Amino acid sequence: MTKYPSIPTYHALGDRGALLKETVIFDGEVILTEKVDGTNSRIILLPDGNFVLGSREELLFAKGDLIGNPALGIVDSLKGVASCLPQSQDCITVAYLELYGGKITSASKQYTSEQRVGWRLFDVAVLTDIETLFDKSTKQLSAWRDNGGQMFLDEAQLSKTAKDYGFELTPRLATVAALPTSIQEAHEFLKSILPKTNVALDAGANGRGEGIVARTNSRSAIAKLRFEDYERHAKRRN
């Protein structure tokens, strides 16, 4: 129910990772944010005042647990944070954060040379009609989620919630009228918009960014552009 849906690549992926000409269609202005290479984490705020922490795939800890799953350092990093967040009495609110640095991924050295850990908020979903959702099977919930059933906050609401929670958002890089449609132009655009990461945790970080996430203001369309995808495509062509 609260698992974060996959974000499609801006250019569709073909065989063995090759990029295709087909792109995600954006209707209206496109907000560009930095995509941070860490681990997808979620804070699930329940109407009864409890909370649950999870990675993208698993639930790791609930308020009051004596023992939590230490996977990826999510519980240690976010348990104290979650206990201080305001909660709604009539819905489930899910804050999605990218936890990065430390020893979390192979890219951690891009953000820290001292194994520091940070997190950035990148999305918030609000789930209403809770009783109906709990009546669904796991298969039905997966289909509901994958077909846009989760209601995400728009850009203005997300900014306000980040302020209310005391979280920093993933860096907002620019707002553009449209994205380049060709693969080569998109790669050049990516290099110009993100020459280095904006979320380094110390001066010794290597500083290479992972890529960007493009989204409309209402989040009706969303896609990711990663350096590794475009570099792999260029290498295959050469």
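The structure this text deals with has already been given above.
Just so it is clear, the model here is predicted, and its values are computed rather than measured. (Residues numbered from 1 in each chain as written. Predicted model: local features only at pLDDT ≥ 70, side-chain atom pairs only at ≥ 80, totals over all residues. Heavy atoms only, no water.)

With respect to the overall build of the chain
Rules: Secondary structure follows DSSP: runs of H or I at least 4 residues long count as helices, runs of E at least 2 residues long count as strands, and numbering of each begins at the N terminus. Throughout, the radius of gyration refers to the C-alpha atoms, and the reference size of a globule is 2.2 Å times the residue count to the power 0.38. Throughout, exposure labels follow a simple rule: accessible area from a 1.4 Å probe, protein chains only, divided by the maximum for the residue type, with under 20% read as buried, over 50% as exposed, and the rest as partly exposed. In what follows, residue pairs with any heavy atoms lying within 4.5 Å of each other are defined as contacts.
Across its full length, the chain carries six helices and 12 strands. For 238 residues, the compact-globule formula gives about 18 Å, and the C-alpha radius of gyration of the chain, at 18 Å, lands near that figure. By principal-axis analysis of the C-alpha atoms, the chain measures approximately 55 × 40 × 35 Å. Residues classed as buried in the chain amount to 50% of the 238 residues present. The long-range share in the chain, meaning contacts at least 24 apart out of those at least 6 apart in sequence, stands at 70%.

Some points on the sheet that holds strand β9 (residues 151–152)
Here is the rule: Each pair of strands is called paired provided DSSP finds at least two bridges between the two strands. The convention used is that axes are lines fitted to C-alpha atoms, helices contributing only their stretch in contact, and that angles between N-to-C directions extend from 0 to 180 degrees.
As summarised here, the arrangement of the six strands in space is β6-β5-β4-β7-β8-β9, forming an open sheet in which the pairing is antiparallel. Only two strands of the sheet have a single partner each, and these edge strands are β6 (59–62) and β9. Where strand β4 (residues 39–45) meets strand β5 (residues 51–55), five bridges bridge the pair, whose relative direction is antiparallel. Counted as the bridge partner of I44 is V52 from β5. On top of the sheet, helix α1 (residues 74–82) reaches β4, β5, β6, β7 (92–101) and β8 (117–127); it is set at about 150° to β5, its chief contact.

What to know about the pairing of β6
Bridge count between β5 and β6: three bridges; the pairing is antiparallel. The residue of β6 that forms the bridge with L53 is F61. Linking β5 to β6, which pair antiparallel, is a turn of three residues.

Side note on unusual backbone geometry
Of note in this structure, L72 is not a glycine but carries a positive phi near 65°. Within the fold, L72 resides in the loop between β6 and α1. L72 gets classed as partly exposed once you look at its relative accessible area, which sits at 41%. Unlike most non-glycine residues, R219 shows phi in positive territory, near 65°. Within the element layout of this structure, R219 appears in the loop between β11 (211–215) and β12 (222–226).

Some words on the pattern of salt bridges
Just so we agree on the cut-off: The working definition used for a salt bridge is a side-chain nitrogen of Lys or Arg within 4 Å of a carboxyl oxygen of Asp or Glu.
This structure, assessed with the given rule, holds 15 salt bridges. The closest approach of N and O atoms between K3 and E57, which form a salt bridge, is 3.2 Å. Of this pair, K3 sits in the segment before β1 (11–13) while E57 sits in the loop between β5 and β6, and the two are 54 residues apart along the sequence. On the basis of relative accessibility, which here comes to 52%, the residue E57 falls in the exposed class. A salt bridge links R145 to D146, with the nearest nitrogen and oxygen atoms 3.3 Å apart.

Considering helix α5 (residues 183–193)
Short version of the rule: For this quantity, the arc is that covered by the directions from the helix axis to the C-beta atoms.
Within α5, the full set of buried residues consists of I183, A186, H187, F189 and L190. Down the axis of α5, the sector holding all buried residues measures 165°, keeping them to one side. More than 90 degrees from the buried face of α5, the exposed residues found are Q184 and S192.

Details of the nonpolar core
To keep it simple, the criterion reads: For this analysis, a nonpolar core means a set of buried residues of the types Ala, Val, Leu, Ile, Met, Phe, Trp, Tyr and Cys, connected via side-chain atoms within 4.5 Å.
Ranked by size, the top nonpolar core spans 26 residues in total, and within it I43, L53, L97, L121 and F167 carry the most contacts. For L53, the contacting residues outside a window of four places in its chain are R42, I43, L59, L60, F61, I74, V75, L78, K79 and A82.

Looking at the environment of L78
Residue placement: L78 occurs in helix α1. Filtering out sequence-adjacent residues up to four positions away, L78 remains in contact with S41, I43, L53, L97 and W119.

Observations regarding the environment of A95
Tracing the backbone through its elements, the reader meets A95 in strand β7. Sequence-distant contacts of A95, that is, excluding residues within four places in its chain, are made with S41, R42, I43, L121, D123, V124 and Y165.

Some thoughts on the side chain of T2
With respect to the element layout, T2 can be found in the segment before β1. Ignoring any residue separated from it by four or fewer positions in sequence, one finds T2 in contact with R42, I44, V94, Y96, L127 and Q150.

A closer look at the side chain of T197
For clarity, the threshold we go by: Nitrogen and oxygen atoms within 3.5 Å of one another constitute a polar contact, given that in protein one can donate a hydrogen and the other can accept it, and given that sequence-neighbouring residues count only through two side-chain atoms.
Here T197 is to be found in the loop between α5 and β11. Among the polar contacts made by the side chain of T197, one reaches the main-chain amide nitrogen of V199 at a distance of 3.1 Å. Among all residues touching T197, those that are not within four sequence positions of it are E34, Q110, Y111, G207, R208 and G209.

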